[in-house]
Amino acid sequence: MVLRWPRCALRASLLTGLAPLTMALGLWITSGPLRPAAVVQLLPQLSMAQSFAVVPDRPIPELWRQRLPPGLALNLWRRSRGLWWQLWGTHAGSEAALLLPDDEELSDLPLSLKLGSHRLIAANALALEELQRRLDPSASVGEAVHCAALQQRAGSVLWRADALQAMAGPWSPLLLPLRQGCLSRAKQRWQGVVGSLARSRSRAGVARELPLAASLPPGVLLQLQGSALQPLVGGLLNQGPMQRALLQSYGVEAQLQRQVMGLPFLLQLRANPPQSLFKASLVLQLATTAAQADALEHVLERALGTSPSRGADGLIRGSWSRLESGQLVLVLGGELPEPLQPWKPLGPERAGLAELQLLARPVPLEVAGLLPPGMPAEIQRSALLRASWRGAASGEGPAQLEALLAP
């Protein structure tokens, strides 16, 4: 038996079923940019901005508890939708401001300012006054900054100016390729651009394979390998005073400096035994030629004496050795690891394309007191961090960064 629906009934049924979808699609299309005008105005003068998707069934964020009365925070969190932002100014030690969709219950909230459809809530009166000054149309505007991730519905983060130094502390000189960035988030995976945000509207490239967790040896707290040393320390060593010091104090001529900057490398941070003078030892392995290894060994002997180099107490401060492959291994803060093994250098897939791959165990690093205290809590609590950085082929413009946190 074949059932035949009246044509009008079928049409009514379809319209009824599609109505919610049509309304939702209409709201999506007509909603406009997701980042409020306030963020656009403040962006050039912020050191960091972070957006979050409101998830009412999860615990209330700590910043909501700090900036909102307890009852109001709970009510807003339960019925809110969309995104909310944390914003940090460029002043050292500045506390985060909260930006969220405006609500009638927020109209009389102290230390707050209505900005279009959103409300900005500052940490204190001085911070609110500073934010109002920065929003003044007559105020000077900083350099153009673009972060497409802040326009998306998922979580995102932008950092620039002094934000990295505040988070990374003594690690900052080794993180110059990440001095500013714009990342979007999908669960525990972050992806985006770093290094250059001014006048750049570049989006993140296609998701790439991250380094395998199995390639991180036991006892190694952090491992970084790259197709060249230039992106990691070039910003430091390319400065005039540093170049002159390397030449005058250690005899590292300009040609050798350039050669070393182009060498593929493997850098490891290894946990030391409790009786050691140092918490960890730094192991650097360079893909040198025989001539380059000779020149570098001469530099090391001139600066530290013969290997292993010992302090007045007889404890080893550093050591180095050359493998049969020609690769040079240098250790600071301990002895050479055994057995010494060559590794396959990470080379560029295309000429001039630099790449870095990172594997780290944040929890053991935190336990050993080696993780900067300003690092975000989510990183500090992660069992494993896998990341990949790829520089622009021309050496200019934004680089691509992708990272995955394992809880």
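Keep in mind that this is a model prediction, so the values were computed, not measured.

Visitor: What is the right way to look at the nonpolar core in this model?
Guide: Across soluble globular proteins, you tend to see nonpolar side chains buried next to one another. If you look at the biggest cluster of nonpolar residues, it comprises 64 residues, and the most contacted ones within it are W64 and L68. Leave out the neighbours within four places in its chain, and L68 touches A73, L76, L98, L106, L109 and I121. Membership of the second largest hydrophobic core comes to 25 residues, among which are W85, A97, L131 and L158.

Visitor: Help me out: how do you make sense of the pairing of strand β6 (residues 156-159) in this one?
Guide: On a regular strand, one side chain projects to one face of the sheet and the next to the other, so that they alternate. The alternating pattern of β6 places S156 and L158 on one face and V157 and W159 on the opposite face, and all of these are buried. Summarising the sheet, strand β1 (residues 46-53) and β6 pair through four bridges and their orientation is antiparallel. Following the sheet pairing, M48 is matched in β6 by W159. Relative to strand β7 (residues 181-186), β6 is paired through four bridges, and the arrangement is antiparallel. Bridge pairing in β7 links S156 to S184.

Visitor: Is there a simple way to think about the side chain of H118 in this case?
Guide: Within the secondary structure, H118 sits in strand β5 (residues 118-121). Classification of H118 by relative accessible area gives buried; the value is 10%. Here the side chain of H118 touches S117 through a polar contact of 3.0 Å, side chain to side chain.

Visitor: It is not clear to me how the packing of helix α8 (residues 240-250) against helix α10 (residues 290-304) should be interpreted in this structure. Could you clarify?
Guide: Relative to each other, α8 and α10 sit at 75°, their axes nearing to 10 Å. Here α8 is positioned roughly perpendicular relative to α10, judged by the angle of their axes. From α8, Q248, S249 and Y250 reach across to α10, where they touch V299, R302 and A303. Residue composition of the contact of α8 with α10, by class: three nonpolar, two polar and one charged.

Visitor: In this structure, what is going on with the confidence of the model for the protein? I would like to understand it.
Guide: Any residue range with low pLDDT should be treated as having predicted coordinates unsuitable for detailed reading. Considering every residue of the protein, the mean pLDDT works out to 79; 81% of them sit at 70 or more. No element of the protein has a lower mean pLDDT than helix α1 (residues 7-30), which averages 32, and none a higher one than strand β9 (residues 220-226), which averages 94.

Visitor: Could you clarify how one ought to interpret unusual backbone geometry in this entry?
Guide: Apart from glycine, the bulk of residues carry a negative phi angle, and the bulk of peptide bonds sit in the trans form. Residue P308 follows S307 across a cis peptide bond; omega there is 0°. Here P308 shows up in the loop between α10 and β12 (309-310). The linkage connecting E338 with the following residue, P339, adopts the cis geometry, with an omega of -5°. With respect to the helices and strands, the residue P339 is situated in the loop between β14 (328-332) and β15 (355-360). The phi torsion at L111 lies on the positive side, around 60°, for a residue other than glycine. Topologically, L111 is positioned in the loop between β3 (97-101) and β4 (112-115). Its identity as a non-glycine residue notwithstanding, K187 has a phi of 60°, on the positive side. Within the secondary structure, K187 is located in the loop between β7 and β8 (189-194). Judged by its relative accessible area of 74%, K187 falls in the exposed class.

Visitor: Is there a simple way to think about the packing of aromatic side chains in this case?
Guide: Under the criterion given, the structure shown has four aromatic pairs. Consider the rings of W64 and W77, whose centres lie 5.1 Å apart with planes at 75°: the pair is edge-to-face. With a gap of 13 residues between them, W64 in helix α3 (residues 62-67) and W77 in helix α4 (residues 70-79) connect regions that are remote in the sequence. A residue is classified by how much of its surface remains accessible, and W77, at 4% relative accessible area, is buried. An aromatic cluster is present here, built from F52, W64, W77 and W84 joined pairwise through their rings.

Visitor: Looking at this structure, how should I read the pattern of salt bridges?
Guide: Once their charged atoms are close, side chains differing in charge can pair, the charge on each being opposite to the other. Applying the stated criterion across every chain, the model contains eleven salt bridges. The closest approach of N and O atoms between R79 and D103, which form a salt bridge, is 3.1 Å. You can see R79 sitting in helix α4 and its partner D103 sitting in the loop between β3 and β4, a full 24 residues away along the chain. Owing to a relative accessible area of 21%, D103 belongs among the partly exposed residues under this scheme. A salt bridge links R322 to D294, with the shortest nitrogen-to-oxygen separation between them at 2.2 Å. Placement of the pair is R322 in strand β13 (residues 316-322) and D294 in helix α10, with a sequence separation of 28 residues. Judged by its relative accessible area of 31%, R322 is partly exposed.

Here is what the cut-offs are and how they apply
Residues numbered from 1 in each chain as written. Predicted model: local features only at pLDDT ≥ 70, side-chain atom pairs only at ≥ 80, totals over all residues. Heavy atoms only, no water. Core = buried A, V, L, I, M, F, W, Y, C linked by side-chain atoms within 4.5 Å. Buried < 20%, exposed > 50% of the residue type's maximum accessible area, 1.4 Å probe, protein only. Contact = heavy atoms within 4.5 Å. Helix = DSSP H or I, 4+ residues; strand = E, 2+ residues; numbered from the N terminus. Pairing = 2+ DSSP bridges. Polar contact = N/O pair within 3.5 Å; in protein donor to acceptor, adjacent residues only side chain to side chain. Axes fitted to C-alpha atoms, helices over the stretch in contact; angles between N-to-C directions. Parallel < 35°, antiparallel > 145°, perpendicular 65-115°, else oblique. Nonpolar A, V, L, I, M, F, W, Y, C, P; charged D, E, K, R; others polar. pLDDT = per-residue confidence, 0-100. Phe/Tyr/Trp six-rings, centres within 6.5 Å; stacked < 30°, edge-to-face > 60°. Salt bridge = Lys/Arg side-chain N within 4 Å of Asp/Glu carboxyl O.

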